Amino acid sequence: YIHLWHANPDHRAELLGSSLVIRLIMGVGATLIGIMTVLLVMDDQHLALLAVLLSLPSLLVATDVLDFSMQAEANGKRSVIVRAAAFLIAACLRLLLIACEAPLSAFAAMATIEVSLSAICLIFGFGSWHGRVRPRWNPSIALMIAAKCWPLVISGVMIQIYMRLDQILVLH
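Quick notes on the rules
Residues numbered from 1 in each chain as written. Predicted model: local features only at pLDDT ≥ 70, side-chain atom pairs only at ≥ 80, totals over all residues. Heavy atoms only, no water. Helix = DSSP H or I, 4+ residues; strand = E, 2+ residues; numbered from the N terminus. Buried < 20%, exposed > 50% of the residue type's maximum accessible area, 1.4 Å probe, protein only. Contact = heavy atoms within 4.5 Å. Areas by Shrake-Rupley, 256 points an atom, 1.4 Å probe, with all protein chains shown as cover. Core = buried A, V, L, I, M, F, W, Y, C linked by side-chain atoms within 4.5 Å. Axes fitted to C-alpha atoms, helices over the stretch in contact; angles between N-to-C directions. Left-handed = near helix turned anticlockwise from the far one by under 90°. Nonpolar A, V, L, I, M, F, W, Y, C, P; charged D, E, K, R; others polar. Expected span 1.5 Å × (residues − 1). Patch = residues over 30% accessible without salt bridge, like charges linked within 9 Å, V, L, I, M, F, W, Y side chains within 5 Å. Salt bridge = Lys/Arg side-chain N within 4 Å of Asp/Glu carboxyl O. pLDDT = per-residue confidence, 0-100.

This brings us to the overall build of the chain. Looking only at helices and strands, the chain features seven helices and zero strands. When burial is assessed residue by residue, the chain has 28% of its 172 residues classed as buried. A separation of at least 24 residues holds for 79% of the contacts in the chain among residues at least 6 apart in sequence. Of the roughly 11000 Å² that the chain leaves accessible, carbon and sulfur atoms contribute 72%.

Core analysis: the biggest nonpolar cluster contains seven residues, these being Leu16, Val65, Leu66, Met70, Val82, Leu122 and Phe126. When contributions to this core are tallied by element, the ones reaching two or more residues are helix H4 (64-72) and helix H6 (104-130). A per-element tally of this core places H4 first, with three residues.

At their nearest, the axes of helix H2 (residues 12-41) and H4 sit 9 Å apart, and the two run at 145 degrees to each other. Crossing of H2 against H4: the hand is right-handed. Contacts between H2 and H4 involve Leu16, Ser19, Leu20 and Arg23 from the former and Asp64, Val65, Leu66, Phe68 and Ser69 from the latter. Classifying every residue of the contact of H2 with H4 by side-chain character gives five nonpolar, two polar and two charged.

A word on H2. Over its 30 residues, H2 extends 43 Å from the first C-alpha to the last, a length consistent with the 44 Å expected when each residue adds 1.5 Å. Buried within H2 are the following residues: Ala13, Glu14, Leu15, Leu16, Gly17, Ser18, Ser19, Gly27, Thr31 and Val38.

A few words on a nonpolar patch on the surface. A surface patch of nonpolar side chains, about 670 Å² in accessible area, is lined by Met26, Trp150, Val153, Ile154, Val157, Met158 and Ile161. Looking at the nonpolar patch, the element that brings in the most residues is helix H7 (residues 139-171), giving six residues. For Ile154, the position within the fold is in helix H7. Classification of Ile154 as partly exposed rests on a relative accessible area of 44%.

Let us now look at the confidence of the model for the chain. Here the chain averages 79 in pLDDT, while 85% of its residues score no lower than 70. Helix H1 (residues 2-7) is the least confidently modelled element of the chain, averaging 63 in pLDDT, while helix H5 (residues 76-99) averages 86, the highest of any element.

If you trace the backbone, Leu122 turns up in helix H6. The spatial distance from the C-alpha of Leu122 to the C-alpha of Val82 is 6.2 Å, given a sequence separation of 40 residues. In this structure, Leu122 is in contact with Thr63, Asp64, Leu66, Asp67, Met70, Ser79, Val82 and Arg83, ignoring residues within four places of it in sequence.

What follows is about the pattern of salt bridges. Applying the stated criterion across every chain yields a total of three salt bridges. With a closest N to O distance of 3.6 Å, Asp64 and Arg23 form a salt bridge. Highlighted residues: Asp64 in helix H4 and Arg23 in helix H2, separated in sequence by 41 residues. On the accessibility criterion, Asp64 (19% relative accessible area) is buried.

And the structure:
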């Protein structure tokens with residue numbers, strides 16, 4: 001991404017918009033697959049609710065593209081600040097949940113809230129840093145990105161399968 005960002009300075013809005021759309025589509029697909037798998041495999045409704053709550057952050061990983069663009073411009077400090085703010089808010093809320101002896105599902109929901117806060121902070125932080133840069137979809141740039149990143153997609157899928165495999169083994 002950083003190479004493409006610097007190699008095509010005139011197409012940064014299209015690169016950003018196309019990357020956002022691709023990541024959003026992948027997040028929706030991953031969330032739907034996760035929810036369908038949970039509904040087919042799990043008999044326990046409480047565990048199914050936990051799994052669904054923990055799969056929802058996949059929808060918001062598209063905003064990581066904003067972080068990548070900040071890092072490409074050597075302004076990673078800004079994204080660290082906004083992510084740290086979201087983390088601190090979520091940590092305070094987790095302490096509150098602990099004090100209230102909240103159920104496990106509240107902590108699973110807190111994971112989704114933390115990712116949501118991070119995404120919102122990144123969006124506002126990116127808007128204040130980039131000003132009026134408006135991401136635009138460009139199918140040819142999206143195809144170029146897809147052609148260059150398919151090994152990373154396969155690697156990411158394999159990592160997710162590996163990470164979830166031990167959770168399934170622990171359940172059974």
